[in-house]
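Survey of secondary and tertiary structure
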Amino acid sequence: LYDIADALAAAGRLVLSGDSALIGIVTLSLGVSLTAVLLASVLGLPFGAALAVLRFPGRHAAVVGVNALMGLPPVVAGLIVYLFLSRAGPLGGLGLLFTPAAMVIAQTVLVTPIVAAITRQVVEDLWREYGELYIFDGVGTPRIIASLLWLGRFSLLTAVLAGVGRAVAEVGAILIVGGNIAGVTRTMTTAITLETGRGDLGLALGLGIILVTLILLINATAHVIGAVAKRAAT
Amino acid sequence: MMRLAQRFVAGWLLALAIAFPAAAQEQFITVASTTSTEESGLFDHLFPAFAKKSGIRVRVIAIGTGQALKIGERGDADVVFVHDRPAELAFVERGYGVDRHEVMYNDFILVGPSRDPAHIGGGKGIVAALQKIAEAKAPFVSRSDDSGTNKAELRFWQEAGIDPKAAGQGWYRDTGSGMGSTLNTSAAMDGYAICDRGTWLNFKNRQNLKIVVEGDRRLFNQYGVMLVNPSKYPHVKQELGRTFIRWLISPEGQQTIADYKINGEQLFFPNAEGERS
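Notes on the structure in this doc start here.

As a further point, take the overall build of chain B. Broken down by element type, chain B carries 12 helices and 12 strands. Taking all 277 residues of chain B together, 56% fall into the buried category. Expressed as a percentage of contacts within chain B between residues at least 6 apart in sequence, the contacts between residues at least 24 apart total 75%. Summed over all atoms, the accessible surface of chain B reaches about 12200 Å², with 52% contributed by carbon and sulfur.

If you want it as structure tokens, here you go:
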């Protein structure tokens, strides 16, 4: 069995040394994933809410489709984005392959369905509860959606956090479209993959511990912000 | 509220600027290469030296040779640096690559558990060793990822007159992954594996694994470099790519390769023939 204490020591050493490569990797990881979540929220929140409020033929199929896409394997998302961005592909002229932008695109593809699906559920419950009031007041659909999203903002934080978790943790998509280039597209998860390949399991696990700690910090921060905002709102 | 939002956006853009260092003004080439060279640590030694000399940064995508050539074929890299001579020649032949040069070599080794369940007992013969593994039905872990190492391994099996995919029921395991992952698997299941010496020397999770066979002339492992054909893909950074290739085969580049050592042991042996135009 590999010594967990070794890994903890490796993690401690890395953090304390303030290694510039590590700082670069951490900021890139967070930069890519948080940007992807931001984009996914801009797309997924209104889309999910619209799916909850609007009634149109094929709506059930759309709901099932979005729910199913939550399970889209990262490596498949990566492969699809790769084929689009490749020089031989339709968007090859942009020259985005093997850049952080490509990783943002791939993670946005992964995260948007998660945000949309959870939003749809949250907003649908609110709509069931308050829908009649809106109809009675004759409010237009865009304003209903905006209003319901605001009403559900504390629950929707969970949707966004689920997206953050998915984005920060995945490696399959960014490995393909980013290429794990040192100093350019190497993130926490692709670095862990590389160190595992080098057989340096202590260092790999050490990086893993740092990653998990970061995810914990993000969630704790979100929780505190949510609690403070909730108290202010009531 | 509005001002807060503006500040938030401004802060975000600042964070992005830090996270994605402005690479626009920096000269770089993209090189598709192999996991074995990356995992051996050679690139961390070689490319900074080149960048210092030329101001050109090298961005490496490290994957199997087969996939690296595929990336070149799609025009997604400027230079391909791999180790599978027949496949490289075919790549050039089909018009995807130009300016191919041999750069360096090292060798493959057979590693296996120290208790040696196939009773190979050392020696040089890779073909005889594989026959013994098949006879003993001892676990053998294969890359099976179309990499240069994997292609070499399949050639050895062919010479041994064994089709491991047909005969290897229960003992021939294909991992479909990189060299390091395959070694991790071999270490965990006490299996044999063909590995390049560079990755082996830099590999830290050996457990019971040791070198079983080395020194057979069949185990020779040649690395070659080539430019992705700019007349097929006009965006290929022809000039920078050629500068890189020239440097690799120059006396200075060759010496830098020779200087890379782990515990005093040289990992790659330069053997470029210099300019052949």
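Don't stop here, the text continues.
Attention shifts here to helix α12 (residues 251-258) of chain B. Looking only at α12(B), the buried set comprises Gly253(B), Gln254(B), Thr256(B), Ile257(B) and Ala258(B). As for α12(B), its buried residues are in contact with α3 (42-54), β4 (97-113), α11 (238-249), β10 (261-262), β11 (265-266) and β12 (269-270) of chain B.

All names here are of chain B. Considering all chains together, one arrives at 25 salt bridges over all chains under this definition. Salt-bridge contacts for aspartate 99 lead to arginine 242; the nearest nitrogen and oxygen are separated by 3.1 Å. One end of the pair, aspartate 99, is in strand β4; the other, arginine 242, is in helix α11, and 143 residues separate them in sequence. What makes arginine 242 partly exposed here is its relative accessible area of 28%.

This paragraph deals with the environment of Asn106(B). All names here are of chain B. Tracing the backbone through its elements, the reader meets asparagine 106 in strand β4. A relative accessible area of 2% means that asparagine 106 is categorised as buried. For asparagine 106 and arginine 197, which are 91 residues apart along the polypeptide, the C-alpha to C-alpha distance reads 6.8 Å. Setting aside residues up to four positions removed in sequence, asparagine 106 forms contacts with Asp196, Arg197, Gly198, Leu219, Phe220, Asn221, Tyr223, Leu267 and Phe268. Separated by 2.8 Å, the side chains of asparagine 106 and asparagine 221 make a polar contact.

Let us look at unusual backbone geometry. Positive phi values are uncommon outside glycine, yet Gln207(B) reaches one of about 50°. Residue Gln207(B) is classed as exposed on the basis of its relative accessible area, which comes to 54%.

Residues and elements named next belong to chain B. The biggest cluster of nonpolar side chains holds 76 residues, and the ones touching the most others in it are Phe81, Phe244 and Leu248. Here this core takes six residues from α11, the largest share from any one element. If you look at the next biggest cluster of nonpolar residues, it comprises 24 residues, including Val127, Ile133, Trp157 and Val212.

Another aspect to go through is the pairing of strand β2 (residues 57-63) of chain B. All names here are of chain B. Most of β2 sits out of view: five of its seven residues are buried. Sheet analysis places strand β1 (residues 28-34) next to β2, joined by seven bridges and oriented parallel. By the bridge assignment for β2, serine 33 is matched with alanine 62.

All right, on to a nonpolar patch on the surface then. On the surface, a nonpolar cluster with roughly 510 Å² of combined accessible area is contributed by Val75(A), Val76(A), Ile80(A), Phe84(A), Leu91(A) and Leu94(A). By secondary structure assignment, the location of Leu91(A) is in the loop between α4 (74-85) and α5 (100-137).

A few words now on the interface of chain A and chain B. With 31 residues of chain A at the contact, the number on the chain B side is 26 residues. Here chain A and chain B share an interface that buries about 2300 Å² over both sides, 60% of which is from carbon and sulfur atoms. Per-residue buried area on chain A facing chain B is highest for Arg87(A), Phe98(A) and Arg198(A); these three make up 27% of the total on that side. At the surface where chain A touches chain B, the tally comes to three salt bridges. Of the charged contacts, one joins Arg198(A) and Asp44(B) as a salt bridge, the two residues approaching to 3.3 Å between their closest N and O atoms. Remark: the boundary between chain A and chain B carries 12 residue pairs in polar contact (both at pLDDT 80 or more). If you list the elements that add at least two residues to the side of chain A that touches chain B, you get α2 (20-53), α4, α5 and α9 (188-197) of chain A. Element by element, the count of residues in the side of chain A that touches chain B is highest for α2(A), at seven residues. The residue makeup of the side of chain A that touches chain B, split by class, is 16 nonpolar, 11 polar and four charged.

So, about the environment of Arg128(A). With respect to the helices and strands, the residue Arg128(A) is situated in helix α5. On a C-alpha basis, the gap between Arg128(A) and Ala52(A) in space is 9.5 Å, while along the polypeptide they are 76 residues apart.

Residue and element names in this part refer to chain A. Contact geometry of α5 with helix α6 (residues 141-151) gives a least axis separation of 9 Å together with a crossing angle of 115°. What the angle tells us is that α5 and α6 run roughly perpendicular. In this structure, α5 crosses over α6, and the sense of that crossing is right-handed. Taken together, the residues of α6 that come into contact with α5 (itself represented by Thr119, Val123, Leu126, Trp127, Tyr130 and Tyr134) are Ile144, Ser147, Leu148, Leu149 and Leu151. Partitioned by chemical class, the residues of the contact of α5 with α6 number nine nonpolar, two polar and no charged.

What counts, and at which threshold
Residues numbered from 1 in each chain as written. Chains lettered and ligands numbered in written order. Predicted model: local features only at pLDDT ≥ 70, side-chain atom pairs only at ≥ 80, totals over all residues. Heavy atoms only, no water. Helix = DSSP H or I, 4+ residues; strand = E, 2+ residues; numbered from the N terminus. Buried < 20%, exposed > 50% of the residue type's maximum accessible area, 1.4 Å probe, protein only. Contact = heavy atoms within 4.5 Å. Areas by Shrake-Rupley, 256 points an atom, 1.4 Å probe, with all protein chains shown as cover. Salt bridge = Lys/Arg side-chain N within 4 Å of Asp/Glu carboxyl O. Polar contact = N/O pair within 3.5 Å; in protein donor to acceptor, adjacent residues only side chain to side chain. Core = buried A, V, L, I, M, F, W, Y, C linked by side-chain atoms within 4.5 Å. Pairing = 2+ DSSP bridges. Patch = residues over 30% accessible without salt bridge, like charges linked within 9 Å, V, L, I, M, F, W, Y side chains within 5 Å. Buried area = accessible area lost by both parts, 1.4 Å probe. Nonpolar A, V, L, I, M, F, W, Y, C, P; charged D, E, K, R; others polar. Axes fitted to C-alpha atoms, helices over the stretch in contact; angles between N-to-C directions. Parallel < 35°, antiparallel > 145°, perpendicular 65-115°, else oblique. Left-handed = near helix turned anticlockwise from the far one by under 90°.

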